[in-house]
Amino acid sequence: MKTGYVTILGRPNVGKSTLLNTILKQKISIVSPKPATTRIKVIGIYNDDRGQIIFIDTPGFEEGKNEMGKFMLKSIYSSLEETDIILFLIEATGWIKEDEKIIEVLKKINKEKVILGINKIDILKYKEELLPLIDESIKKFNFIEVVPFSALKNKNIDSLIKAIFIHLPESDRFYPVDMTTNLPFEYQISEIIREKILQKTYQEVPHSAAVEIEEIKEGEKNKDILVIKANIIVDRENLKSIIIGKDGKMIKTIGKLAREEIELIVGKKVYLELKVKVIEDWRNKIDVFRKFGYGNI
């Protein structure tokens, strides 16, 4: 049996969270077309007869522009140090400047086991287009495997899993087979709400928004209802009105979408109460963003 840690590394929006969700056949990391969606190290645990792979989904690799951004960058580096294998993702459209920067980091940390995953092969018209990219890639770094796949379309994921197991160390499982993630329930709920904010609000809002869970409890009169009270945090007053929307329509839409997904997870009716609060410049206040789970997981 083989067991080990695999850190998924790549620039923002390359498909790290989508890959993790596809492998585990459930949503572990929230997904959005907007960059910098993932803010912490998210662990997803895959089991089969060959053993256990503990995937670490990291934030997109980019320089920190505030205290929270610096924390995110530190979390990536700590994951690289702890891991057995690095799974470095690029897109099938080819290398770009941000990918090259990550290669330089990989050379400096001197990790021997790095697999290159070429994601989004579904956007290529002809498979033959991959051959020059593979040739170019193996000249850039001594990858132990190069695996093309599509996380979104679930293509060639089995080959990726097989390649990972080949290079993992022999070991018993680290986690119970029924455990799929390290995320506390409260954080999972807050991330679902944040995902709906990302989906529905303007470009300027996503990076400024966080979600703080105030309370999760059974209904006092009806135990079959789960009551959730949460605060949407933004760093500027003008963003508050955007999230609330005209006549409260936007926050109602966010709440409806989040509630429906939470109900599928918990298997019962959910009463979700959302409020919007302004905490100026919260991403530069370590004591504040730690309250939202960033830095504690």
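Please read all numbers here as calculations on a predicted model, not as lab measurements.

1. Concerning the sheet that holds strand S8 (residues 225-234)
Inference 1: A sheet is described by the order of its strands in space; here three strands give the open sequence S7-S8-S9, paired in mixed fashion. The open sheet has two free edges, formed respectively by strand S7 (210-218) and strand S9 (269-278), since each of these has just one partner strand. Pairwise comparison of adjacent strand axes, ignoring direction, gives a mean angle of 20° for this sheet.
Inference 2: With eight bridges connecting them, S7 and S8 associate as antiparallel partners. Bridge assignment links Ala210 to a residue of S8, and that residue is Ile233.
Inference 3: Packed on one face of the sheet, helix H6 (residues 185-200) meets S7, S8 and S9 and runs near 130° to S7.
Inference 4: Set on the sheet, helix H8 (residues 249-266) makes contact with S8 and S9; between it and S9 the angle comes to about 140°.

2. Describing the sheet that holds strand S3 (residues 51-57)
Inference 1: Here six strands make up an open sheet; going across it, the order is S2-S3-S1-S4-S5-S6 and the pairing mixed. The two strands at the open ends of the sheet, each matched to only one other strand, are strand S2 (42-48) and strand S6 (145-148). Averaged over all pairs of adjacent strands, the angle between strand axes in this sheet comes to 25°, irrespective of strand direction.
Inference 2: Alignment of strand S4 (residues 85-91) against strand S5 (residues 114-119), held across six bridges, turns out to be parallel.

3. Focus on the side chain of Asp48
Inference 1: Assignment of secondary structure puts Asp48 in strand S2.
Inference 2: Here the side chain of Asp48 touches Tyr46 through a polar contact of 3.1 Å, side chain to side chain.
Inference 3: A polar contact is formed between the side chain of Asp48 and the side chain of Arg50, at a distance of 2.6 Å.

4. Some details on the side chain of Lys196
Inference 1: On the secondary structure map, Lys196 appears in helix H6.
Inference 2: Within the structure, Lys196 has its side chain in polar contact with the side chain of Glu195 (distance 3.0 Å).
Inference 3: Among all residues touching Lys196, those that are not within four sequence positions of it are Lys27, Ile254, Leu257, Ala258 and Glu261.

5. Quick word on the environment of Leu19
Inference 1: Topologically, Leu19 is positioned in helix H1 (residues 16-24).
Inference 2: What makes Leu19 buried here is its relative accessible area of 0%.
Inference 3: In this structure, Leu19 is in contact with Ile8, Leu87, Leu89, Phe149, Ala151, Ile157 and Leu160, ignoring residues within four places of it in sequence.

6. Focus: the packing of helix H7 (residues 237-244) against H8
Inference 1: Across the interface, H7 lies against H8 with an axial gap of 5 Å and an inter-helix angle of 65°. Contacts between H7 and H8 involve Ile242, Ile243 and Ile244 from the first element and Lys249, Met250, Ile251 and Ile254 from the second.

Conventions we followed
Residues numbered from 1 in each chain as written. Predicted model: local features only at pLDDT ≥ 70, side-chain atom pairs only at ≥ 80, totals over all residues. Heavy atoms only, no water. Pairing = 2+ DSSP bridges. Helix = DSSP H or I, 4+ residues; strand = E, 2+ residues; numbered from the N terminus. Axes fitted to C-alpha atoms, helices over the stretch in contact; angles between N-to-C directions. Contact = heavy atoms within 4.5 Å. Polar contact = N/O pair within 3.5 Å; in protein donor to acceptor, adjacent residues only side chain to side chain. Buried < 20%, exposed > 50% of the residue type's maximum accessible area, 1.4 Å probe, protein only.

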